[in-house]
Amino acid sequence: MFSRDSILSSFHLPTNMIKLLVYSLIGFVCITLGTLLVFRPDFLSTTAYRHAFRKGQQNHEDSEVEKILHPRNMTLIYRSVRERQRMRSERVRDVCAKLNATGRLLTRSRKAIPSHFSSFFVDDYHGVLYCSIPKVASTNWKRVLLVLTGMMNTTRANKLERKDVFEVLVPRFLSELKYYSMDAIKQRLETYYKFMFVRDPMERLLSAFVDRFHTTPVDLYRKTYGRRIVKQYRRNASEESLRLGHDVKFEEFVSYLLDPRTKSKKPFNTHWKEYYQMCHPCFVNYDFIGKYETLRDDADFVLDQLGIREKVAFPSVDRPTVKTSEILAEKYSNLSAADIYRLWKLYSIDFDLFDYPYPNF
């Protein structure tokens, strides 16, 4: 067996010199960390980095460690985000210029009224306007806004339960732009940071159908829409289906959307309403237009731009195990080419404004 002294002597280094080297290394590490904390105060921020992996229901404490151990190069990421944003903004401006003459859009040449802004949420303290589009991470953005009110019993947005968010917290703590006077609305549109998020219209439509009618079925949707859809678009429907509206098929839902009588009677529900009808991108000069396809980077960028990364983190989004393209192909394969074209035509302004390609299933 070798003693400690024999090992040290074999390297011909005195014990004092070994200690000096160890202390020097410790000092270097401390100085480096101190410098980072002074010049990069976001170095240990829990909102600065997203964890590199997430399995099952891994708890939040583990993900905090991951964010530090697996930091992303935010400088490079934000450079890409800015470039994408420049291209998105230019696209919206160009398309709006073409569409303004049609009179179909709310533009700066038309008089706006408060009800036009039913999808906008306001944070007066931070100077923020968010246009909420269901099924485009809207629940998580509302969680973020709720935490920013300072009235929640947690600073972790992902701790707010979905049911509580919609039934209690949003109605009680978030302000909606539609309830402001037009003068107050105009002032906020001119001075606040305005952002919205979009998603491939076909993907969002399918997500809305699955969520509203099957995954987390809402009785209101089954009674208000499900029974009507079954009655109008299903031959030989059973008494149970007519009574409950619980087993609507996607093809029947599409038939309901494509039926000219649907929109003539009542505007679309917000879960399948056109983006341009809710967020008015040809009227509102958005500071940021995010996409679900780049949600992770876009959300971090918005929080950074607002200077609130130290206050709240955007909740992680659980991705499906099956590829989205495979799910879309499966569901839309039951539609005819003519119906897919008509569906695209219905949402063609959104496709054009936000640069989504014609669906290829």
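Look a little higher up for the structure.
Below is a summary of the structure that appears in this document. (Residues numbered from 1 in each chain as written. Predicted model: local features only at pLDDT ≥ 70, side-chain atom pairs only at ≥ 80, totals over all residues. Heavy atoms only, no water.)

**Re the overall build of the protein**
Thinking step 1. A count of helical and extended segments in the protein gives 17 helices and 5 strands.
Thinking step 2. Taking all 361 residues of the protein together, the buried fraction comes to 44%.
Thinking step 3. Restricting the contact set of the protein to residue pairs at least 6 apart, pairs at least 24 apart contribute 70%. (Helix = DSSP H or I, 4+ residues; strand = E, 2+ residues; numbered from the N terminus. Buried < 20%, exposed > 50% of the residue type's maximum accessible area, 1.4 Å probe, protein only. Contact = heavy atoms within 4.5 Å.)

**Let's talk about the nonpolar core**
Thinking step 1. Judged by nonpolar contacts, the single largest core of 97 residues is most densely connected at F117, W141, F253 and W272.
Thinking step 2. Tallying contributions element by element places helix α4 (residues 74-99) first for this core, with 8 residues.
Thinking step 3. Filtering out sequence-adjacent residues up to four positions away, F253 remains in contact with L205, F209, F213, I229, V248 and W272. (Core = buried A, V, L, I, M, F, W, Y, C linked by side-chain atoms within 4.5 Å.)

**Notes on the packing of aromatic side chains**
Thinking step 1. The tally for this structure, following the rule as stated, stands at 29 aromatic pairs.
Thinking step 2. Seen in terms of ring centroids, F253 and W272 are 5.1 Å apart; in terms of plane orientation they differ by 80 degrees. Their pairing is edge-to-face. Here the residue F253 occupies a position in helix α11 (residues 250-258), and W272 occupies one in the loop between α12 (260-265) and α13 (275-279), the gap between them amounting to 19 residues. Like F253, the residue W272 is buried in the burial classification.
Thinking step 3. Put simply, the rings of F209, F213, Y221, Y225, F250, F253, Y256, W272, Y332 and F361 pair up and form one aromatic cluster. (Phe/Tyr/Trp six-rings, centres within 6.5 Å; stacked < 30°, edge-to-face > 60°.)

**Some remarks on the state of the cysteines**
Thinking step 1. Using the criterion set out here, one finds 2 disulfides in the structure.
Thinking step 2. Here C131 engages in a disulfide with C279; their sulfurs sit 1.9 Å apart. On the sign convention where negative means left-handed, the S-S torsion of about -90 degrees between C131 and C279 marks this disulfide as left-handed. Taken together, the residues span a long stretch of sequence, with C131 in strand β2 (residues 128-131) and C279 in helix α13 at a distance of 148 residues.
Thinking step 3. The exposure class assigned to C131 is buried, which follows from its relative accessible area of 1%. (Disulfide = S-S within 2.5 Å.)

**Structural notes on unusual backbone geometry**
Thinking step 1. Residues other than glycine seldom take positive phi values, yet H280 does so here, at roughly 50 degrees.
Thinking step 2. Relative to the helices and strands, H280 resides in the loop between α13 and β5 (288-291).
Thinking step 3. Relative accessible area serves as the criterion here: at 5%, H280 is assigned to the buried category.
Thinking step 4. The phi dihedral of D355 is positive, around 60 degrees, even though this residue is not glycine.
Thinking step 5. Along the chain, D355 falls in the segment after α17 (348-353).
Thinking step 6. Among the residues examined, D355 registers a relative accessible area of 46% and is labelled partly exposed.

**Here we look at the side chain of H280**
Thinking step 1. A polar atom in the side chain of H280 sits 3.3 Å from the backbone oxygen of Q277.
Thinking step 2. For H280, the residues in contact, after removing those within four places along its chain, are L106, H116, Y275 and Y286. (Polar contact = N/O pair within 3.5 Å; in protein donor to acceptor, adjacent residues only side chain to side chain.)

**A look at the pattern of salt bridges**
Note that side chains of opposite charge can pair when their charged atoms are close.
Thinking step 1. Inspection of every chain in the model, using the stated rule, returns 20 salt bridges.
Thinking step 2. The shortest N-O distance in the salt bridge between R88 and D298 comes to 3.0 Å. Within this pair, whereas R88 is found in helix α4, its partner D298 is found in helix α14 (residues 295-305), the two being separated by 210 residues in sequence. Neither R88 nor D298 differs from the other in exposure class; each is buried.
Thinking step 3. A salt bridge links D355 to R91; the nearest nitrogen and oxygen atoms lie 3.5 Å apart. Taken as a pair, D355 in the segment after α17 and R91 in helix α4 lie far apart in primary sequence, 264 residues in all.
Thinking step 4. Residue class for R91 comes out partly exposed when judged on its relative accessible area of 29%.
Thinking step 5. Each of R91, K98, D352 and D355 takes part in a single network of salt bridges with overlapping partners. (Salt bridge = Lys/Arg side-chain N within 4 Å of Asp/Glu carboxyl O.)

**Looking at the sheet that holds strand β4 (residues 193-198)**
Thinking step 1. In space, the 5 strands of this open sheet follow the order β3-β1-β2-β4-β5, with mixed pairing throughout. In the strand order of this sheet, the two ends are held by β3 (175-176) and β5, each with one partner.
Thinking step 2. In the sheet, β4 pairs with β5 via 4 bridges, with the strands oriented parallel. Looking at β5, one finds that V198 is bridged to K291. (Pairing = 2+ DSSP bridges.)

**Comments concerning the side chain of S207**
Thinking step 1. Take S207: it is sitting in helix α8 (residues 201-215).
Thinking step 2. Those residues in contact with S207, other than ones at most four positions away along the chain, are K135 and R199.

**Quick look at the packing of helix α9 (residues 219-233) against α11**
Thinking step 1. Interhelical geometry of α9 versus α11 gives an angle of 90 degrees and a closest axis separation of 10 Å. In terms of axis orientation, α9 runs roughly perpendicular to α11. Of the residues in α11, those in contact with Y225, R228, I229 and Y233 of α9 are E252, F253, S255 and Y256.
Thinking step 2. Looking at the contact of α9 with α11 residue by residue, the classes come out as 5 nonpolar, 1 polar and 2 charged. (Axes fitted to C-alpha atoms, helices over the stretch in contact; angles between N-to-C directions. Parallel < 35°, antiparallel > 145°, perpendicular 65-115°, else oblique. Nonpolar A, V, L, I, M, F, W, Y, C, P; charged D, E, K, R; others polar.)

**Here's the deal with α9**
Helical geometry: 3.6 residues make up each α-helical turn, so side chains three or four residues apart lie on a common side.
Thinking step 1. Look at α9: 20 Å from first C-alpha to last across 15 residues, which is about the 21 Å you get at 1.5 Å a residue.
Thinking step 2. The sharpest bend along α9 comes to roughly 35 degrees, located at G226.
Thinking step 3. When α9 is considered as a whole, its buried residues turn out to be Y221, Y225, G226, I229 and V230. (Expected span 1.5 Å × (residues − 1). Bend = angle between axes of the 7 residues up to and from the residue.)

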